[in-house]
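Structural characterization, general
Here is how the chains run, residue by residue.
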Amino acid sequence: MPLKKKPLSLERKYSRAGWNFVTPAALLIFVLSFYPMIQSFVLSLQSGLGNNLRFSGIRNYMRLFQDEKFMAAVKNVFIYFIFQVPIMLFLALILASILNDPKLKFKGIFRTMVFLPCATSLVSSALIFKSLFSLDGLVNAIFLKWGILESPFNWLDNPFWAKVVVILCITWRWTGYNTVFFLAGLQNIDSQIYEAAKIDGANPVQSFFKITLPSLKPVILLTAIMSTNGTLQLFDEVKNLTGGGPGNATMTISQYIYDLSFKYNPQFGYAATVSYAILILVAILSFIQLKAGDRD
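Please read all numbers here as calculations on a predicted model, not as lab measurements. (Residues numbered from 1 in each chain as written. Predicted model: local features only at pLDDT ≥ 70, side-chain atom pairs only at ≥ 80, totals over all residues. Heavy atoms only, no water.)

For helix H9 (residues 204-215), the full list of buried residues reads Ser207, Ile211 and Thr212. End-on view of H9: buried residues confined to an arc of 90°, all on one side of the axis. Of the exposed residues in H9, those oriented more than 90 degrees away from the buried face are Val205, Phe209 and Lys210. Summarising the contacts, the buried residues of H9 are in contact with helix H7 (159-187) and helix H8 (191-199). N-cap assignment for H9: the residue whose side-chain oxygen lies 3.2 Å from the backbone N of Val205 is Asn203. (Buried < 20%, exposed > 50% of the residue type's maximum accessible area, 1.4 Å probe, protein only. Helix = DSSP H or I, 4+ residues; strand = E, 2+ residues; numbered from the N terminus. Arc of directions from axis to C-beta. Contact = heavy atoms within 4.5 Å. Polar contact = N/O pair within 3.5 Å; in protein donor to acceptor, adjacent residues only side chain to side chain.)

The following block contains the structure:
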């Protein structure tokens, strides 16, 4: 006589149903994300092209320290990171504080205006700034009219000012994106806390530093890590604004990977190595930010 199967408990049924939902997504993530990452790591240990690929060990990684273009690209992205990320987060915090004011009228319009640059495509935003700072662009026209310049200045052909234009372009496009995060964080702070602080004699500045900033600490940490990740992988703005020039003055690591893969004699193994260099840099900076921002 066949034995009857023991019926599954409710907990086991929920567990099995959960795995049935998760497994297809997990397989897709593995096939489309993790497997290519493993393949790219294997490729980073090889040199050559096509059927002539050969194992070269860590030779590509040692080459990074002797590659002047790679070092120039790393220097550039760190300049963008050091100047652009703090400025952008500070502006986003100020804008979020203004938009969170209950007395502000037409909030919907202003919030849309702040977020609108994020909805602009990366190529379009870069072309807008390229047009603004061209020889016959609006910036030169205004400065000539005001007497600040005697003749049109080629902003994008100057190593220093080309970096400034790139930083302005990134800041303009991504400040609204971070403002949304700060605004959501501000709206989660109970207004009664501010009222109690006001009764105790705290002024707006004290309330900002003693209540707002500590309450927004997780959001600030999140936006800082995301901004760091985005800045180190910067590509579209620089590619369309300056092409990495003049010289290598504005080149980023991602653009260097593109050039290694498609512009120069294809070096896919070394390009994969440079891409892992970005991964290592992002991981190190994110770890430092986590430790610095969450000491408790």
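Moving on, we get to a nonpolar patch on the surface. A cluster of nonpolar side chains, Leu28, Ile29, Phe30, Val31, Leu32, Phe34, Tyr35, Met37, Ile38, Phe41 and Val42, forms an exposed patch at the surface whose accessible area comes to about 1,100 Å². Turning to its location among the elements, Ile29 is positioned in helix H1 (residues 10-44). Judged by its relative accessible area of 44%, Ile29 falls in the partly exposed class. (Patch = residues over 30% accessible without salt bridge, like charges linked within 9 Å, V, L, I, M, F, W, Y side chains within 5 Å. Areas by Shrake-Rupley, 256 points an atom, 1.4 Å probe, with all protein chains shown as cover. Salt bridge = Lys/Arg side-chain N within 4 Å of Asp/Glu carboxyl O.)

One broad rule of soluble globular proteins: the nonpolar side chains tend to lie buried together. Grouped together as the largest cluster of nonpolar side chains are 39 residues, with contacts concentrated most on Leu64, Phe70, Phe182, Ile253, Tyr256, Tyr270 and Val274. For this core, the secondary-structure elements that each account for two or more residues are helix H2 (59-64), helix H3 (68-99), H7, helix H10 (217-232), helix H12 (253-263) and helix H13 (268-293). Looking at this core element by element, the count peaks at 11 residues for H3. When near neighbours in sequence (up to four residues on either side) are disregarded, Tyr256 contacts Asp67, Lys69, Phe70, Met251, Tyr264, Tyr270 and Val274. Ranked by size, the runner-up nonpolar core spans 15 residues in total, among them Phe133, Trp155, Leu156 and Ile170. (Core = buried A, V, L, I, M, F, W, Y, C linked by side-chain atoms within 4.5 Å.)

Looking now at the layout of surface pockets. There is about 620 Å³ of room inside the largest pocket. What lines the largest pocket is a set of 17 residues, among which Pro102, Tyr194, Pro204, Ser207 and Thr212 lie closest to the centre. In terms of residue class, the lining of the largest pocket is built from 7 nonpolar, 6 polar and 4 charged. (1 Å grid on protein atoms, 1.4 Å probe; cavity = no way out; pocket = protein on both sides within 12 Å on 5 of 7 lines; lining within 4 Å. Points joined across faces, edges and corners; volume = space filled by probe spheres on them. Nonpolar A, V, L, I, M, F, W, Y, C, P; charged D, E, K, R; others polar.)

For H8, the capping residue at the N-terminal end is Asp190, with a side-chain oxygen 3.1 Å from the backbone nitrogen of Gln192. A positive phi of about 100° marks Gly201, the residue just after H8.

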